[in-house]
Amino acid sequence: MKCESCKIAPPSIKQPSTGKKLCKKCFIRDFEENVHNLIVSDNIFPSKGEHVAIGVSGGKDSTVLLHVLHTLNERYSYGLNLHMVAVDEGISGYRDESLDCVKYNQKKYSLPLVIVSFKDLFSSSLDSIVSRGGDVVRTQSCTYCGILRRRALEEGTKRAGCSVIATGHNADDVAETVLMNFMRGDVKRLARCSNSRTGTSEVSRDEDDDDIEDGGCGKCPARKSEQQQKSVSLATIPRVKPFKTSYQKEIVLYAHFSGLKYFSTECPYAVTAFRGYARVALQRIQRFRSPCVLDTIHGMDTIASAAAITPDRAERGKKSKKKSMPSSVPCVFCGARCTNGVCQTCVIAECVKRENYDVKAVRKQLEKECIV
Ligand SMILES: Nc1ncnc2c1ncn2[C@@H]1O[C@H](COP(=O)(O)OP(=O)(O)OP(=O)(O)O)[C@@H](O)[C@H]1O
């Protein structure tokens, strides 16, 4: 039997997305070409010379992203200046080990690396936030972590002098997010969550997250300092997902065939959050209808673009603008756009600082103290 692509080498794998039997070399090339095609068709990196911060956790997705972007940047002369940004949340026995992989890859690719830690930014590691917050925080640790991590990733991006963040979110992640937002009836997030490039200045930060369990903007610092004031203009750092249409299974196979070194242990705080239900549902449906992941994404893209361009919808949008879209305002602490005057990241950072994990109560206090 011969590889269905080159018709020369024996096949090593049945490609999960197409069912084609491919040899190792053709599989790798095909994976890379698919990512390149998305980068070109979605104009993911519009400017040559752009400084791109790759969010690297040491896990499989971001390790493969680093390798593929490095490869494609050279092969197709994108002219990108690649940087690595890692967030140390302070999870002992987990993040410290995955950061070893990050450091190994930093040497391998000789790219600049910035590491930002929760301890540095929020004066507490995730371990101590969880141990001080008890069950209330433990059950929502992914939400706390996601919101603060996103803020940290942006701070790292700024420190690295980059204008865009690339993350390893893959097709499975994006399809799960579409389902989650759909099931929550969160139309605003739904309209954006399948975009391969997000984070524009018109969008309220509180509505512009993609991988956070329970909302939150991740865009603003905890305290309004002179240096952070300067960062306000960077509160709109765009984020790109070059793996938006790459299956998780193929990313793992790619890492294996390319001999990439990554950290694969599950985070000790991983809980069965809402995302878990969406994941299980998609996995079950995939057994009967294998393309359902990409179909969900493409379906969402089509609906989102149709909704944006239908003239009658635009007309209705104008008429009902005031009612349907609460206008976004700058957060009083950091200036990032939000809906209530204090963005969710500042609220969460304040919860950590005050050691009061009643998020609603802290929000109320902050609003009372800060919004006249
Ligand atoms: N600690 C971190 N530092 C820097 N970037 C991160 C970190 N954690 C996550 N990211 C970025 O966010 C993306 C999605 O992370 P998430 O934890 O949801 O997925 P994952 O499948 O575990 O990713 P990975 O396999 O890369 O760890 C990662 O691919 C990476 O680009």
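Calculation criteria
Residues numbered from 1 in each chain as written. Predicted model: local features only at pLDDT ≥ 70, side-chain atom pairs only at ≥ 80, totals over all residues. Buried ≥ 20, exposed ≤ 12 C-beta atoms within 10 Å, placed from the backbone. Helix = DSSP H or I, 4+ residues; strand = E, 2+ residues; numbered from the N terminus. Pairing = 2+ DSSP bridges. Right-handed = clockwise from strand over helix to strand, strands pointing away. Axes fitted to C-alpha atoms, helices over the stretch in contact; angles between N-to-C directions. Parallel < 35°, antiparallel > 145°, perpendicular 65-115°, else oblique. Contact = placed C-beta atoms within 7 Å. Nonpolar A, V, L, I, M, F, W, Y, C, P; charged D, E, K, R; others polar. Expected span 1.5 Å × (residues − 1). Arc of directions from axis to C-beta.

A.B. asks: Looking at this structure, how should I read the pairing of strand β3 (residues 51-55)?
C.D. replies: Remark: a regular strand shows side chains that alternate across the two faces of the sheet. Taken across its five residues, β3 has four buried, putting it largely inside the fold. Two elements, β3 and strand β4 (residues 81-88), share five bridges in a ladder whose sense is parallel. Across the sheet, residue His-51 finds its bridge partner in β4, namely Asn-81. In this fold, β3 hands off to helix α2 (residues 60-75), which returns the chain to β4; that crossover is right-handed. In this sheet, strand β6 (residues 164-166) lies alongside β3 in parallel orientation, the contact comprising three bridges. If you follow Ile-54 over to β6, its bridge partner there is Ala-166.

A.B. asks: What is the right way to look at the packing of helix α5 (residues 126-138) against helix α6 (residues 141-159) in this model?
C.D. replies: Packed helix pairs are specified by the crossing angle of their axes together with the interaxial distance, meaning the distance between the axes. For the pair α5 and α6, interaxial distance at closest approach is 10 Å and the crossing angle is 135 degrees. Accordingly, the angle class assigned to the pair α5 and α6 is oblique. Here Leu-126, Ile-129, Val-130, Val-137 and Arg-138 of α5 come into contact with α6, specifically with Ser-141, Tyr-144 and Cys-145. Taken together, the residues that form the contact of α5 with α6 break down as six nonpolar, one polar and one charged.

A.B. asks: Even after reading the chapter, I still don't get helix α3 (residues 95-109), so can you show me in this structure?
C.D. replies: Spacing of three or four residues puts side chains on the same side of an α-helix, whose turn is 3.6 residues. Look at α3: 21 Å from first C-alpha to last across 15 residues, which is about the 21 Å you get at 1.5 Å a residue. The set of residues buried in α3 consists of Arg-95, Ser-98, Leu-99, Cys-101, Val-102 and Asn-105. The buried residues of α3 all sit within an arc of 150 degrees when viewed along its axis, so they share a single face. For α3, the exposed residues lying more than 90 degrees away from the buried face are Asp-96 and Lys-107. Looking at the buried residues of α3, the elements they touch are α2, β4 and β5 (113-117). The positive-phi residue at the C-terminal boundary of α3 is Ser-110, with phi of around 50 degrees.

A.B. asks: What should I look at first to understand unusual backbone geometry in this one?
C.D. replies: Leaving glycine aside, a negative phi is the common case for residues, and trans is the common case for peptide bonds. The phi dihedral of Lys-7 is positive, around 60 degrees, even though this residue is not glycine. Structurally, the position occupied by Lys-7 is in the segment before β1 (13-14). A positive phi angle, near 65 degrees, is found at Ser-123, a position not held by glycine. Note that Ser-123 resides in the loop between α4 (118-122) and α5.

Just geometry here; none of it tells us what the structure is for.
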